[in-house]
Amino acid sequence: MNRFPLLYLICTLLALHSFAQSRPGRPAKVANIDVNYEEEKVGAYSLPDPLLLNNGKRVTDTQTWINQRRPEILRLFEEYQFGKVPPKPAHLSFKVRETGTAFGGKAVRKQVTVFFTEDSADFKMDLLIYLPSHRAQPSPLLLTLSFVTNAMAVDDTAVIPGYAWVNGQRVLPTESRFGKVNVEKFIDAGIGYATVYYGDIEPDFKDGIKYGIRSRYLTPGSSGVAANEWGAISAWSWGLSRAMDYFETDKDIDATRIAINSASRLGKTVLWTGARDQRFALIIPSISGEGGAALSRRNYGETIRMITDSNRYFYQFAPNYHSFSDRVNELPMDSHMLIALVAPRPILMQSGDQDFFSDPKGEFLAAVHAEPVFKLFGQKGLGRTSFPEAGDKSMQNTLGFYMHRGGHSVLPEDFDIFIQFMKKHLKIDHQN
């Protein structure tokens with residue numbers, strides 16, 4: 001039976017065994033650094049103005065944003081946080097390995113291998129796609145970047161097994177601690193569903209660069225990684241763009257109505273992808289926290305110093321990001337500007353009211369401070385500045401925010417909200 005579990009791996013909690021606990025679910029120290037959970041200890045901070053050009057002039061129209069300010073901000077995130085993502089590779093190719101039906105004939109299943117290089121032996125990823133069977137027009141869909149292989153992600157025995165990275169080794173998993181995605185819920189709503197395993201693109205560990213796509217782009221003979229070199233998050237984001245490259249070739253898919261979602265470190269990836277690749281029509285970053293939607297200047301929960309510690313997730317970011325560990329206020333950008341890069345496309349931030357380490361209030365405040373850019377385009381923002389109660393479903397304008405009752409997870413009701421948000425902003429019904 002299909003069901004929605006706590007769908008995504010709580011990646012930031014993998015190392016909880018090494019955390020001292022101040023109270024259940026709240027680490028007192030991370031990487032031997034004290035964690036603050038007291039609002040009165042957050043301190044004062046001032047955010048960069050997303051509508052102020054580097055030359056000091058103010059952005060007052062959309063063309064200036066598009067042609068000048070947006071590229072300025074994008075370069076800041078490339079240089080100081082994520083690293084620059086390479087373009088579409090010259091030898092990209094696709095192979096449809098299987099087409100069939102699923103879920104009692106409700107859906108068409110496609111299994112596609114995306115080859116990143118001319119040599120198809122190593123650098124590739126497997127896309128699993130489900131589309132409603134009886135749509136008269138090409139289907140919109142939600143693409144999920146998954147912590148598990150395709151065969152582990154869904155309840156469908158026809159899915160081709162794939163290899164996963166476990167403790168630095170590639171293995172063929174036979175079971176997963178995750179539940180299965182309820183694909184039928186999307187199909188019944190007239191929405192396709194696609195998933196790809198992030199480990200196909202780049203392994204998620206410190207030395208993963210040796211085995212992932214980044215190894216193909218390092219300068220030959222270089223003695224180390226450049227300060228603005230792309231990290232694993234940019235590698236995973238690059239992979240999502242290659243999935244979009246395939247969607248644009250498939251006549252059964254409406255590539256103008258593709259939404260993306262994932263959670264935690266992959267929520268950061270989704271947000272960064274939405275910022276840099278404007279082909280994605282709708283963005284849903286879940287519980288993305290520090291380095292994602294949460295304000296870095298707000299000293300609450302995880303910090304840049306913690307997330308970029310050499311014993312934690314240094315490899316996920318450009319090395320430059322770590323250099324701001326003790327001078328966060330000197331960053332020329334913050335997360336509200338990352339969110340603003342999505343404008344005027346719809347974005348829904350999803351959080352949990354007990355996810356203190358990821359700072360849901362910091363995510364909400366970032367959305368508040370991104371609102372002027374959305375309004376520049378005539379789009380509606382959150383419609384409020386006070387932090388909402390968990391379960392409030394009212395903030396579903398172009399700039400949206402939803403917070404469930406719970407922690408660092410994606411819950412069944414969250415997916416209902418995602419579908420509702422997609423149907424509203426991508427104008428989805430069962431006929432078009």
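About the cut-offs
Residues numbered from 1 in each chain as written. Predicted model: local features only at pLDDT ≥ 70, side-chain atom pairs only at ≥ 80, totals over all residues. Heavy atoms only, no water. Buried < 20%, exposed > 50% of the residue type's maximum accessible area, 1.4 Å probe, protein only. Helix = DSSP H or I, 4+ residues; strand = E, 2+ residues; numbered from the N terminus. Pairing = 2+ DSSP bridges. Right-handed = clockwise from strand over helix to strand, strands pointing away. Axes fitted to C-alpha atoms, helices over the stretch in contact; angles between N-to-C directions. Left-handed = near helix turned anticlockwise from the far one by under 90°. Contact = heavy atoms within 4.5 Å. Nonpolar A, V, L, I, M, F, W, Y, C, P; charged D, E, K, R; others polar. pLDDT = per-residue confidence, 0-100. Phe/Tyr/Trp six-rings, centres within 6.5 Å; stacked < 30°, edge-to-face > 60°. Lys NZ or Arg CZ within 6 Å of the ring centre and 35° of its normal. Salt bridge = Lys/Arg side-chain N within 4 Å of Asp/Glu carboxyl O. Expected span 1.5 Å × (residues − 1). Parallel < 35°, antiparallel > 145°, perpendicular 65-115°, else oblique. Core = buried A, V, L, I, M, F, W, Y, C linked by side-chain atoms within 4.5 Å.

1. Remarks on the pairing of strand S12 (residues 282-286)
Point 1. Extensive coverage of S12 is indicated by the burial of five of its five residues.
Point 2. Here S12 shows a buried face lined by Leu282, Ile284 and Ser286 and a second buried face lined by Ile283 and Pro285.
Point 3. Direction of pairing for strand S11 (residues 253-263) relative to S12: parallel, over a ladder of five bridges. For Ala259, the partnering residue across the bridge sits in S12 and is Leu282.
Point 4. Viewed along the sheet, the connection from S11 through helix H5 (residues 265-276) into S12 turns out right-handed.

2. With respect to the packing of helix H1 (residues 62-82) against H5
Point 1. Two elements in contact, H1 and H5, have axes separated by 11 Å at closest approach and are oriented at 145°. Pair H1 / H5 crosses with left-handed handedness. In this structure, H1 contributes Arg70, Leu74, Phe77, Glu78 and Phe82 to the contact, and H5 contributes Trp272, Gly274, Ala275 and Arg276.
Point 2. Among the residues forming the contact of H1 with H5, the class breakdown is five nonpolar, one polar and three charged.

3. Considering the confidence of the model for the protein
Point 1. Confidence in the prediction of the protein, expressed as mean pLDDT, is 92, and 92% of residues score 70 or more.
Point 2. Predicted confidence for residues 1-22 stays below pLDDT 50, and this span has 72 contacts to residues more than four positions away or in other chains.

4. Details of the packing of aromatic side chains
Point 1. As enumerated under the stated definition, the model contains 24 aromatic pairs in all.
Point 2. Ring geometry for Trp165 and Tyr211: centres 5.3 Å apart, planes at 40°, overall tilted. With Trp165 in strand S8 (residues 164-166) and Tyr211 in the loop between strand S10 (192-197) and helix H4 (232-247), the pair connects residues that are 46 residues apart, well separated along the chain.
Point 3. Residue Tyr211 is classed as partly exposed on the basis of its relative accessible area, which comes to 45%.
Point 4. Chaining the aromatic ring pairs together yields one cluster made of Phe77, Phe82, Trp272, Phe317 and Tyr321.
Point 5. Positioned above the aromatic ring of Tyr313, the side-chain terminus of Arg265 is 4.5 Å from the ring centre.

5. Remarks on the pattern of salt bridges
Point 1. For the structure on display, the rule yields 28 salt bridges.
Point 2. A salt bridge links Arg69 to Glu72, with the shortest nitrogen-to-oxygen separation between them at 3.0 Å. Placement of the pair is Arg69 and Glu72 together in helix H1, with a separation of three residues, close to one helical turn. An identical accessibility class is assigned to Arg69 and Glu72; each is buried.
Point 3. Taken together, the shared-partner salt bridges connect Arg242, Asp245, Glu248, Asp277 and Arg279 into one network.

6. A word on H5
Point 1. If you check H5, its first and last C-alpha atoms are 17 Å apart, about what 12 residues at 1.5 Å a residue would give, namely 16 Å.
Point 2. Of all 12 residues in H5, 12 are buried; the element is thus mostly enclosed.
Point 3. Inspection of H5 places Arg265, Leu266, Gly267, Lys268, Thr269, Val270, Leu271, Trp272, Thr273, Gly274, Ala275 and Arg276 among the buried residues, and these make up the whole buried set.

7. Comments concerning the packing of H4 against H5
Point 1. Contact pair H4 / H5: the axes reach a minimum separation of 9 Å and the direction vectors enclose 60°. When the axis of H4 is compared with that of H5, the two are oblique. Taken as a pair, H4 and H5 cross one another with a handedness that is right-handed. Residue-level inspection shows Ile233, Ser234, Trp236, Ser237, Trp238, Leu240 and Ser241 of H4 in contact with H5, the latter providing Arg265, Leu266, Lys268, Thr269, Trp272, Thr273 and Arg276.
Point 2. For the contact of H4 with H5, the per-class residue count stands at six nonpolar, five polar and three charged.

8. Things to note about the nonpolar core
Point 1. In terms of nonpolar packing, the biggest core is built from 126 residues, with Leu127, Ile129, Tyr130, Leu143, Phe247 and Ile339 touching the most fellow members.
Point 2. Sorting elements by how many residues they give to this core places H4 first, with 10 residues.
Point 3. Discounting residues that sit within four places of it in the chain, Leu127 has contacts with Lys110, Gln111, Val112, Val114, Leu143, Asn150, Thr195, Val196, Ala243, Tyr246 and Phe247.
Point 4. Ranked by size, the runner-up nonpolar core spans nine residues in total, among them Tyr37, Val42, Tyr300 and Phe356.

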